[in-house]
Amino acid sequence: MTSDVLKAWESCDLTDTLFVLVCTVFCWPIIPAVGLAYSGYSHRRNGMASFMPSLLVISCCTIQWFVIGYSLAYGEGSGVIGDFKYAFHRGVLADPVGTIPAILFSEFQLVFEATVCAIAVGGAIERGRTLPIIPFIFLWSTFIYCPLAHMVWSDTGFLGNMGVLDFAGGTPVHICSGATATALSIYLSYPLFRSKRSSFRTPSHLALHRPGNSLSQLLALVTIWNSWLAFDAGTTLSFNFKSIMALCVTNLCASGGALTWSCMTYFETGKWSLDSTFMGAISGLVLITPSAGFIDMPTAFFFGVFGAIICRQALRLKSTKLAQRIRWVDNGDTFATHCVGGVVGTIATGLFARKEVAAYDGVTVIDGGVFFDGNTRQLGVQLLEALVGFTWSFVGSYVLFALVDCVPGLEVLAKDEDIVSGMDVAEMEESFHGECEEDYHPFKNGGIELD
């Protein structure tokens, strides 16, 4: 057995293996960084409670991926979901996937699942309870993310076999996370089961507020931007010119988005905004994700610019009277950036993909997109992918969240008094701002006593 593993290891390319290993290490911090971003967006009384789900995601997704997730996503199975061939990672050791060990490929893909999940559960921050998030993570990872990843990226997935172009996750990452977060938010506004019947819980709209912690936003922005470069570069699964190109177009697109959004805010208000710069960078990173291995530098720049403009317009919805009337809550602006941006990026990939760029790794052959290669069919395939991804993620997540809400003790909506006092006080032992120690005084009885 040991000799077989070592023999398989010798057949792997050490340069490619080291490259993907380093990318995996650099990608991992994006998971808690997503939680840090949500913490920064949230009111200061909810900061720690908004961060905590990202840590739960790391643990829950890692266990789920080991037990069944990897097999469901990358096992042979059907066109929709994998089989149980790799359950408990049986046989997932050094056998090459491409030119890297299977166990490393699995770990790299685990970071994808956990990142998507961390973004998705943000739809419940500031008014959702933390405990029900744990069973939801296991259910969502198994029945939403893994089948969608299988459809798009596995050898037997029906969308992949139709020729969909999705380099690093326009649909499995962004449309999925954005649609899931939207489903959670809508359910909290209109619960069906135990949360609705509780006399201590009132589904309602949340008043808008400014970000509660700009330092958290700053640290999250730096970490996410850095990790995203490793995400897109590492998706080639080998060290070649295409991986370098993917990194470069990702950085350019994010830069175009950040500058566009921040300048638009400046010309409207006369002040620069870290929040606007953050949102612009995220919109650019979202737009480039499905296309990083298929478009050139000039196209990437315009993706960033127009992505920021489109996502910024989508963000205006939550500031309208209609949003208040229908209880629309877009926590962390996930719908406006990840969902809308993911759909736009997926469609734009079909329009602007270039077969020449895709071939920079010396292996990939595609028919290209509409404008550069005249492949009009690609647009239809991309539209189908976006439709399947949104429907699967939104409907499935809504149903799973409702099922969790049926279980006594797992009511997903927090009590009114907890939402008012802040989720840190209600659910956390700690707080970023010390709200849990308001009665603390360094001296006994409020003063110095000498014996």
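This section reports on the structure supplied with the text. Keep in mind the model is a prediction, meaning the values are calculated, not measured. (Residues numbered from 1 in each chain as written. Predicted model: local features only at pLDDT ≥ 70, side-chain atom pairs only at ≥ 80, totals over all residues. Heavy atoms only, no water.)

1. Examining the layout of surface pockets
For step 1, the next point in the chain: If you add up the space inside the largest pocket, you get close to 1200 Å³.
For step 2, the next point in the chain: Lining the largest pocket are 39 residues, and of these F105, W153, D155, T235 and L237 lie nearest its centre.
For step 3, the next point in the chain: The element that contributes the greatest number of residues to the lining of the largest pocket is helix α5 (residues 102-120), accounting for 5 residues.
For step 4, the next point in the chain: By residue class, the composition of the lining of the largest pocket is 20 nonpolar, 13 polar and 6 charged.
For step 5, the next point in the chain: Empty space within the second largest pocket amounts to approximately 920 Å³.
For step 6, the next point in the chain: At the level of secondary structure, the elements contributing two or more residues to the lining of the second largest pocket comprise α10 (214-234), α11 (241-269), α12 (274-288) and α13 (297-315). (1 Å grid on protein atoms, 1.4 Å probe; cavity = no way out; pocket = protein on both sides within 12 Å on 5 of 7 lines; lining within 4 Å. Points joined across faces, edges and corners; volume = space filled by probe spheres on them. Helix = DSSP H or I, 4+ residues; strand = E, 2+ residues; numbered from the N terminus. Nonpolar A, V, L, I, M, F, W, Y, C, P; charged D, E, K, R; others polar.)

2. Concerning a nonpolar patch on the surface
For step 1, the next point in the chain: Together, L18, L21, V22, V25 and F26 line one region of the surface with nonpolar side chains, adding up to about 450 Å² of accessible area.
For step 2, the next point in the chain: By the element assignment, L21 lies in helix α2 (residues 14-27). (Patch = residues over 30% accessible without salt bridge, like charges linked within 9 Å, V, L, I, M, F, W, Y side chains within 5 Å. Areas by Shrake-Rupley, 256 points an atom, 1.4 Å probe, with all protein chains shown as cover. Salt bridge = Lys/Arg side-chain N within 4 Å of Asp/Glu carboxyl O.)

3. Quick notes on the packing of aromatic side chains
In this description, a pair of aromatic rings is defined by centroid distance and the angle of the planes.
For step 1, the next point in the chain: One pass over the structure, following the stated rule, counts 28 aromatic pairs.
For step 2, the next point in the chain: Aromatic pair Y70 and F105: ring centres 6.3 Å apart, planes at 70°, arrangement edge-to-face. Highlighted residues: Y70 in helix α4 (residues 47-74) and F105 in helix α5, separated in sequence by 35 residues.
For step 3, the next point in the chain: On the accessibility criterion, Y70 (4% relative accessible area) is buried.
For step 4, the next point in the chain: Aromatic rings pair up to connect W65, Y70, Y74, Y86 and F105 into one cluster.
For step 5, the next point in the chain: One residue, K415, lies across the ring of F200, its end atom 5.6 Å from the ring centre. (Phe/Tyr/Trp six-rings, centres within 6.5 Å; stacked < 30°, edge-to-face > 60°. Buried < 20%, exposed > 50% of the residue type's maximum accessible area, 1.4 Å probe, protein only. Lys NZ or Arg CZ within 6 Å of the ring centre and 35° of its normal.)

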